[in-house]
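Observations on chain architecture
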Amino acid sequence: MIDIRDAKNKEDYNIISDLGTIIWTKHYTPIIGSEQVIYMLNKFQSPTAIEAQIKEGYNYFILLSDERPVGYLSVIEKENTLFLSKIYVLEECRGQGIGKFGMGFPREP
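Residues numbered from 1 in each chain as written. Predicted model: local features only at pLDDT ≥ 70, side-chain atom pairs only at ≥ 80, totals over all residues. Heavy atoms only, no water.

1. Thoughts on unusual backbone geometry
The phi dihedral of Glu 67 is positive, around 70 degrees, even though this residue is not glycine. Here Glu 67 shows up in the loop between strand E2 (59–65) and strand E3 (68–78). The class for Glu 67 is exposed, based on a relative accessible area of 75%. Residue Glu 79 is not a glycine yet carries a positive backbone phi of 50 degrees. Within the fold, Glu 79 resides in the loop between E3 and strand E4 (81–89). The class for Glu 79 is exposed, based on a relative accessible area of 78%. (Helix = DSSP H or I, 4+ residues; strand = E, 2+ residues; numbered from the N terminus. Buried < 20%, exposed > 50% of the residue type's maximum accessible area, 1.4 Å probe, protein only.)

Pasting the structure below:
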C-alpha cells in the first residue's frame, strides 16, 4: 500500500535526509562527483536545511510503501501556484506508482 504523510518533526527530517543521501549518492555521484553531492546534501537535504525550508513555507511529505519510507517530496506555494521543489523515490521502488501517487496527492493550501 502506498501512502504519504506530512514531515512534522526532527525524526521526519532525519528520515528525509537519510533518503536523500541514499538517492543522491547513487544517482548524482557519477554525474557531478562526490564532492558536489556532499555539498548539495548538506546545503539542501540535511535535517537542519529541511527544518529551515519548512520555516520558509516549504511543505515536506514522506512517501511510504507498506509503511516503509521510500521517498519524499517538497512543495511551496508561490504566487498562487504550487511549486514542486523535490520528488525522489528510492531506485528499487521506482516503477511502482509511488511518484505518481505523490504527484496526485490532494493538498489543501
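After presenting the structure, the write-up continues.
2. Here we look at the environment of Lys 55
Position of Lys 55 among the secondary structure elements: in helix H3 (residues 47–55). The exposure class of Lys 55 is exposed, given its relative accessible area of 70%. Considered as a pair, Lys 55 and Ile 32 are 23 residues apart in the sequence and their alpha carbons are 29 Å apart.

3. With respect to the side chain of Asp 12
You can see Asp 12 is positioned in helix H1 (residues 10–32). A distance of 2.9 Å separates a polar atom in the side chain of Asp 12 from the backbone nitrogen of Lys 8. (Polar contact = N/O pair within 3.5 Å; in protein donor to acceptor, adjacent residues only side chain to side chain.)

4. Brief notes about the sheet that holds strand E1 (residues 2–6)
Strand order in the open sheet made by the four strands is E1-E2-E3-E4, with antiparallel pairing throughout. In this open sheet, the two strands that pair with only one neighbour each are E1 and E4. Here the strands of the sheet are splayed against their neighbours by 25 degrees on average, with no regard to which way each runs. Where E2 lies against E3, seven bridges are found, and the strand directions are antiparallel. Note on E3: the bridge partner recorded for Tyr 60 is Ser 74. Sitting on the sheet, H1 touches E1, E2, E3 and E4, and the angle it makes with E3 is about 100 degrees. (Pairing = 2+ DSSP bridges. Axes fitted to C-alpha atoms, helices over the stretch in contact; angles between N-to-C directions. Contact = heavy atoms within 4.5 Å.)

5. Observations concerning the pattern of salt bridges
In this structure the tally under the stated criterion is four salt bridges. Two residues, Asp 12 and Arg 5, come together in a salt bridge whose shortest N-O distance is 2.7 Å. On the basis of relative accessible area, Arg 5 is assigned to the partly exposed category, the value being 31%. (Salt bridge = Lys/Arg side-chain N within 4 Å of Asp/Glu carboxyl O.)

6. A word on the nonpolar core
Core analysis: the biggest nonpolar cluster contains 27 residues, and Ile 16, Tyr 60 and Tyr 72 have the highest contact counts within it. If you list the elements that add at least two residues to this core, you get H1, helix H2 (34–44), E2, E3 and E4. For this core, the element with the highest residue contribution is H1, accounting for six residues. (Core = buried A, V, L, I, M, F, W, Y, C linked by side-chain atoms within 4.5 Å.)

7. A short note on the packing of H1 against H3
Two numbers describe a pair of packed helices, the interaxial angle and the distance between the axes. Running from amino to carboxyl end, H1 crosses H3 at an angle of 120 degrees, the nearest separation of the two axes being 8 Å. In this view, H1 runs oblique relative to H3, as classed from their interaxial angle. Our pair here, H1 against H3, has a crossing hand that is right-handed. In contact with Lys 10, Tyr 13, Asn 14, Ile 16 and Ser 17 of H1, H3 contributes Pro 47, Ile 50, Glu 51 and Ile 54. (Parallel < 35°, antiparallel > 145°, perpendicular 65-115°, else oblique. Left-handed = near helix turned anticlockwise from the far one by under 90°.)

Remember, this is a structural readout, not a statement about activity or role.
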